[in-house]
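# Structure assessment
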Amino acid sequence: MSNTSVVGTSVPRIDSAGKATGETKYVTDISVPGMVHGKVFRSTEAHARIVRLDVSDAERLPGVVAVVTGADAPYSYGRMVEDEPFLAREVVRYIGEPVAAVAAVDEETAEAALDHIYVEYEPLPAVFDVEEALSPTAPLVHPQLESYRKGPIPTPVPGTNMCSSFRIRKGDVDAGFARSDFVFEHRFATPPIQHCYIEPCCAIAEYDCTGALTVWSGTQGAHLLQQLLSASLGIPLYKVRVIQPPYGGGFGGKVPMHVEPVAVALALKCRRPVRVVLNREEEFAASTTRHASVVTIKSGVNRDGRIIARKVDAVLDTGAYARIGPLVLRNGSIAASGPYDIPNVWIDGACVYTNKVPAGALRGFGTPQMTWAYESHTDMICRELGLDPVEFRLKNVLRDGGENANGEKVRHVAVDRCIEAAAKGIGWGEPKVTTSPGKARGRGIAATVKACAGPAESLVVLRFNRNGRVRALVSASEMGQGLHTVVAQIVAEELGIHVDDVRVTQPDTDFTPFDELTTASKATFHTGNATRAAARDLRHQIASIVAERLGVPQETLRFEGGRVIAEGLGESVAITDVLGKGKHRATNELVGRGMFASDYVIPLDRETGQSEAPVAFWMYAAQSAEVEVDLETGDVRVLRVVAAHDVGQAISRLGCEQQIQGGVVFALGQSLWEQTIVREGRVVNPTLLDYKVFTSADTPEIVPVIVEDAPHSLGPYGAKGLGEIVTTPTAAAVANAVFDATGVRITDLPLTPEKVRAALKAAGTKTTL
Amino acid sequence: MVTIRLRVNGKAREVSVRPNETLLDVLRERLGLTGTKKGCVLGDCGACTVLLDGKPVNSCLVLAVDAAHGEVLTVEGLAENGGLHPLQEAFIRYGAIQCGYCSPGMLLSLKALLDREPYPTREQVMSAISGNLCRCGGYHKIADAAQAASSAGERGGDDRS
Ligand code: FES
Ligand code: FES
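Attention in this report is confined to the structure presented alongside it. Since we're looking at a predicted model, the values are computed, not measured. (Residues numbered from 1 in each chain as written. Chains lettered and ligands numbered in written order. Predicted model: local features only at pLDDT ≥ 70, side-chain atom pairs only at ≥ 80, totals over all residues. Heavy atoms only, no water.)

### Quick notes on the sheet that holds strand β26 (residues 571–574) of chain A
Residues and elements named next belong to chain A. Reading across from one edge, β24-β25-β26 is the order of the 3 strands in this open sheet, with antiparallel pairing throughout. This sheet does not close on itself; its edge strands, each paired only once, are β24 (557–560) and β26. Ignoring which end each strand starts from, the neighbouring axes of this sheet average 25° apart. For strand β25 (residues 563–566) and β26, the ladder comprises 4 bridges, and the chain directions are antiparallel. Directly across from valine 564, in β26, lies its bridge partner valine 573. Docked against the sheet, helix α14 (residues 523–550) engages β24, β25 and β26, running at close to 120° with respect to β24. (Pairing = 2+ DSSP bridges. Helix = DSSP H or I, 4+ residues; strand = E, 2+ residues; numbered from the N terminus. Axes fitted to C-alpha atoms, helices over the stretch in contact; angles between N-to-C directions. Contact = heavy atoms within 4.5 Å.)

### Re the pattern of salt bridges
Under the criterion given, the structure shown has 58 salt bridges over all chains. Note that lysine 37 of chain B and aspartate 29 of chain A form a salt bridge whose closest N and O atoms lie 2.4 Å from each other. Residue lysine 37 of chain B is located in the loop between α1 (23–30) and β3 (49–52), and its partner aspartate 29 of chain A is located in the loop between α1 (16–21) and β1 (36–42); the two belong to separate chains. By relative accessible area, lysine 37 of chain B is classed as buried at 1%. The class of aspartate 29 of chain A is buried, set by a relative accessible area of 10%. Across the salt bridge formed by glutamate 516 of chain A and arginine 79 of chain A, the nearest N and O atoms sit 3.6 Å from each other. Of this pair, glutamate 516 of chain A sits in the loop between β23 (502–505) and α14 while arginine 79 of chain A sits in the loop between β4 (76–77) and β5 (84–85), and the two are 437 residues apart along the sequence. (Salt bridge = Lys/Arg side-chain N within 4 Å of Asp/Glu carboxyl O. Buried < 20%, exposed > 50% of the residue type's maximum accessible area, 1.4 Å probe, protein only.)

### Quick notes on the interface of chain B and chain A
One widely used convention gives an interface's size as the accessible area the parts lose upon coming together. The interface of chain B with chain A comprises 40 residues on the first partner and 55 residues on the second. Summed over both sides, the interface between chain B and chain A buries roughly 3600 Å², with carbon and sulfur atoms accounting for 57% of that surface. When the buried area of chain B at its contact with chain A is split by residue, Gln98, Tyr101 and Arg135 of chain B rank highest and sum to 22% of it. On inspection of chain B and its partner chain A, the count reaches 5 salt bridges. In this structure, the salt-bridge partner of arginine 135 of chain B is glutamate 674 of chain A, at a minimum N-O distance of 2.8 Å. Linking chain B to chain A there are 26 residue pairs in polar contact (both at pLDDT 80 or more). (Buried area = accessible area lost by both parts, 1.4 Å probe. Polar contact = N/O pair within 3.5 Å; in protein donor to acceptor, adjacent residues only side chain to side chain.)

### Overview of the sheet that holds strand β7 (residues 98–104) of chain A
Residue and element names in this part refer to chain A. Reading across the sheet, the 7 strands line up as β3-β7-β1-β14-β11-β12-β13 and stay open at both edges, with mixed pairing between neighbours. Each of the sheet's edge strands pairs with one partner strand only, and the pair in question is β3 (64–69) and β13 (240–243). The average undirected angle you get between the axes of adjacent strands in this sheet is 20°. Packing against the sheet, helix α7 (residues 260–270) makes contact with β1, β3, β7, β11 (202–207), β12 (213–217) and β14 (274–277), and its axis sits at approximately 30° to β11.

### Quick word on the packing of aromatic side chains
Under the counting rule described, the total for this entry stands at 11 aromatic pairs over all chains. With a centroid separation of 5.8 Å and an interplanar angle of 80°, the aromatic rings of tyrosine 77 of chain A and phenylalanine 86 of chain A are classed as edge-to-face. In textbook terms, an aromatic cluster arises when at least three aromatic residues are bridged by ring pairs, as seen for Tyr75, Tyr77 and Phe86 of chain A. In this structure, lysine 254 of chain A packs its charged tip against the face of tyrosine 197 of chain A, placed 4.1 Å from the ring centre. Directly above the aromatic system of phenylalanine 666 of chain A lies the positively charged group of arginine 135 of chain B, at a separation of 4.1 Å from the ring centroid. (Phe/Tyr/Trp six-rings, centres within 6.5 Å; stacked < 30°, edge-to-face > 60°. Lys NZ or Arg CZ within 6 Å of the ring centre and 35° of its normal.)

### A word on the environment of arginine 30 of chain B
All names here are of chain B. Looking at the secondary structure, you find arginine 30 in helix α1. A residue is classified by how much of its surface remains accessible, and arginine 30, at 35% relative accessible area, is partly exposed. Spatially, the C-alpha atoms of arginine 30 and glutamate 80 are 24 Å apart, while their sequence positions differ by 50 residues. Polar contacts involving the side chain of arginine 30 include one to the side chain of glutamate 21, which spans 2.7 Å.

### Details of helix α2 (residues 86–93) of chain B
Turning to α2 of chain B, its buried residues are Leu87, Gln88, Ala90, Phe91 and Ile92 of chain B. Among the residues trailing α2 of chain B, glycine 95 of chain B stands out with phi positive, at a value near 70°.

### A look at the packing of helix α15 (residues 653–672) of chain A against helix α17 (residues 730–742) of chain A
Residue and element names in this part refer to chain A. The geometry of α15 relative to α17 is characterised by a closest axis approach of 8 Å and an angle of 55° between their N-to-C directions. By the angle class used here, α15 and α17 are oblique. Here the hand of the crossing between α15 and α17 comes out right-handed. Contacts from Val664, Ala667, Leu668, Ser671 and Leu672 in α15 reach Thr730, Ala731 and Val734 in α17. For the contact of α15 with α17, the per-class residue count stands at 6 nonpolar, 2 polar and no charged. (Parallel < 35°, antiparallel > 145°, perpendicular 65-115°, else oblique. Left-handed = near helix turned anticlockwise from the far one by under 90°. Nonpolar A, V, L, I, M, F, W, Y, C, P; charged D, E, K, R; others polar.)

Here it is as C-alpha cells:
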C-alpha cells in the first residue's frame, strides 16, 4: 500500500449531496429557452427500400415546428466505420432505425404527429443470424461497404457482411493439440442485452446564427462527440460545443452517438433548440445492445493439468451498423484465451453485420462474452478430468513474468491471489450445507482478465484560488462510477487539503480540456494520472511562492493539513494564505496543468496480434458463487458471491465497494434472466418489466475483496481500473456453481429456469436409461 | 384543462393540468420539481416514486387529477428544519448513491417504510425498495444507509451495527 493519507481511504462521494436532495440537474432535467421537443419516426422493416415517404400532413399540424427526413440531413456518422446515416436514406437496415423526426411545442404533439407520416417500403431480404450472415449467399446489409470512410481499427470486407476481424497467432496451436493428452472443444453463446441505465438517453441541440452548434448530452465522451459531429457535419471543431450535464448511468450505452444526430438534424431545420429523449421502449428496441456472441473454444491439456494450446473462434453480432463494434471485438478478443499462461494460442474474432438493432459497448467491451466461454470451458475440462477447478486455474494462471497471448511478459498481476481469495471466501472444499429436499447447492468459480486498450490521452486543469480551494476541470465523465471523487481525492492528497475543498466541473468542450471518452475502466488510470500531474504542477508553483516567502528551499516544504510546512524551520503557511499577497507573482489564481498519455502502447501486429506492450494496462479478477437450484422448477437462486479484484491500489475504498457490489448485481441479472429477445429483427420484450433486471429482492450477499498486492508501476499510486471487469466473470461462476449443484451444464446465457429445468429433465432421463 | 389544488412539500399549490397529465409531469414540468425522476413512465422502475398522502406511489401512473386535494412529498421536501433528513445523511455517508438517478425514489420508498416501521429488518428494507430499480449499485449500501438512518433517530448517532 502506498504511503498516502487520502488516497486509499473511504470518503463520502463529493457528488452525493446534490443527488440526495434532488438538486443535481440531470440531462433530462435541463431545458433551454425556446426549446422544442423531438420525436422519432422509426422503421418497422428490418431491411427495405423506402419507396415513398410523405411528411407533409405532419408538417401542417398545429404545434409542429419541423419535420426532417434523411434528405434534410444527408450526413453519416461512425467512429469506426462511417456507415450510419443521421436518418435513413433510401434504405432501412433495422426495425427501429430513424426514418423521420418531428419537432413540436411539446412531446405529446410531436408524438401525435408521428401518426401523420406515411411511408411505403419495398422489403429486401434480411439477415438475422451471424453464421448465416457470413455465408456467401447472404443478403448484404451494406452493399456499399467499400465506399465508407473508416478509422484504423476496423477491417471490413466489401462484398460480405464482415464488419471487422481480429486475430492472434502465438506458437503453433495445431502442434500443441497434437502433443496434448486431451483435447476439449465446446461452444457457448450469449444473447443481446440492454444497459438499462435508469435515465434514458437525451440530447439537446441548438444552432446559433453563425452556424455554431451546441449540444447538451448525457454522453460518455464529450470530446469524442464533438469530433464526430464536426466530422459528420463538415464544420470545424471550434464550432461544435458539447456540454455534458450529470446523467443517470452509462455502462457503455452512452458512448457517442445515436440520439444526437436526430436532435441535430431537427435543430438544423427549425433553428430552435430541440430536445430528444428516448422512451424506454426505444431504449430497448432502437438504441444499442450488447453484442450477442457465439464462441467456440478448444483446448489441449496435459495429464499434469497444464493447458498446452487454445484456439478460440468468436463471432459478435454488431447489428445493422458498426458503431463501436470493431473495438469491442478487438478489446474482447485480445484476452479471449483468459488470464492463463498458454504457449500456443490461436484467436479468430469476427464482428458481423445483421439487420438488427446495432450493438455497442456494454460494461466489459466484449470481455464478458469471452469470459463466459473460457471460464465455462475451463470448468468443463476440470470436471471431465476430475481436477479441482481452483488448483487447475492456479496451475495455469498468469503470474508476474509469465507470457500472455500477445507474447507480452506480464507484470503487476495478482490474479492468483484473487482466485485464492474467492475460493476461500466461498468456502471452497468445505462440506456443502444440506438443504431442503428437492434443492441442491453448489459452488463455482471463474477468473478473468480485461484490457484497457489505449493508447489514450487525458488532460486536466486545476485552478487554485485565493481561498486555497481547487476547481478541477476534467472532461472524463462521471456517470455514477465515482470518478469525481477520485479526482478530488488525488488533488487533496497532493496538496494536503480536504476533499471538500475540491470541486469538479462537468465536461464542456469549450472549457474542460481534452479527454476523449470514458470507457474501458480507463479514467482512474488516465485521468487520475493527469490529475496527479496537474496537482504536482500546482504544488510546485505554490511551493515556489512559499519558499520565497519563508526563505527556504522548495524541497524542504511539506503539504499537510491545509498548510505548507517548512520542515526544521518550525514555520508554515496556511494554504488559504498563499495567494493574495505577493507583488510580482500571481495573486489571484494559479493554474496547474497535467497530462497523461498511454503512448507506450505498441500496436498489435495485424497478422499475429503480438506486441510487447499491447494495452495501457490489464485488470484481473476472480469471483465465486454459491447457488441453490430448485430441482423441480429449475430456478437458480444465488446465495452469495465473493468478488476479488486486483485493483492495484484502491483510491476510494468505498468507491471500489460500490463498483464491485453494483457490478455483481448487474452481472447476476445477465447470468440468470436478462436477454433482449429479437424475433425476425423485432425486439419483443421492450420494457423493464418483461426484460427484468435484478431488484433488491433478488440480491444475495456480495462480499467485495479488494486485492492490492500488485500495484501498477504506471498507475496513479499503483491503481488500475475496476468498473467493467466486475461484470465479466459472474455468469461463469454462477453456471459452474449450477453444474456443481446439479451436474447439468448450460452453455448459452441466461440460465433461465426453463433452460435449467429442461437440462435437468434430459439428464434425469439419461440416468434412468 | 382542469384546475386542481394539492399540497406539495407542505405548500398549497393550484395548477392547471390536462386531464390525462400524470402527477410526475405536473411535478417536473409545471412545478419545476425535477428531483423526481422519469425512468420508464410505465410503473416499472420506481425512479418517479413520491409519497401521496404518506404512501409511496409511482407518480408516472397517477393522474394529476386523481391527486387533487392530496398531500405530496417529493425529494425536495425531505430535508427538515434546514438540515438534511437522516436518510439523506445516511445515503451520503454509506455510499448509497452512485449515478443517483434512482436515489430520490429510493429515499421516498424508505421514508414511507421508516414512518410505519421505525426499526425495520434487513428484509423489510430490501422489500420496501424492491420496486425501485438501481442499475449502478448493489442495493446493500442503500440498505445499510436505511438501517443506519433508522437507528440514528434514537441513539443520535449513525452507527451501522
Ligand atoms: S418512471 Fe415511473 S416507474 Fe419508472
Ligand atoms: S445509483 Fe444509478 S441507478 Fe441507482
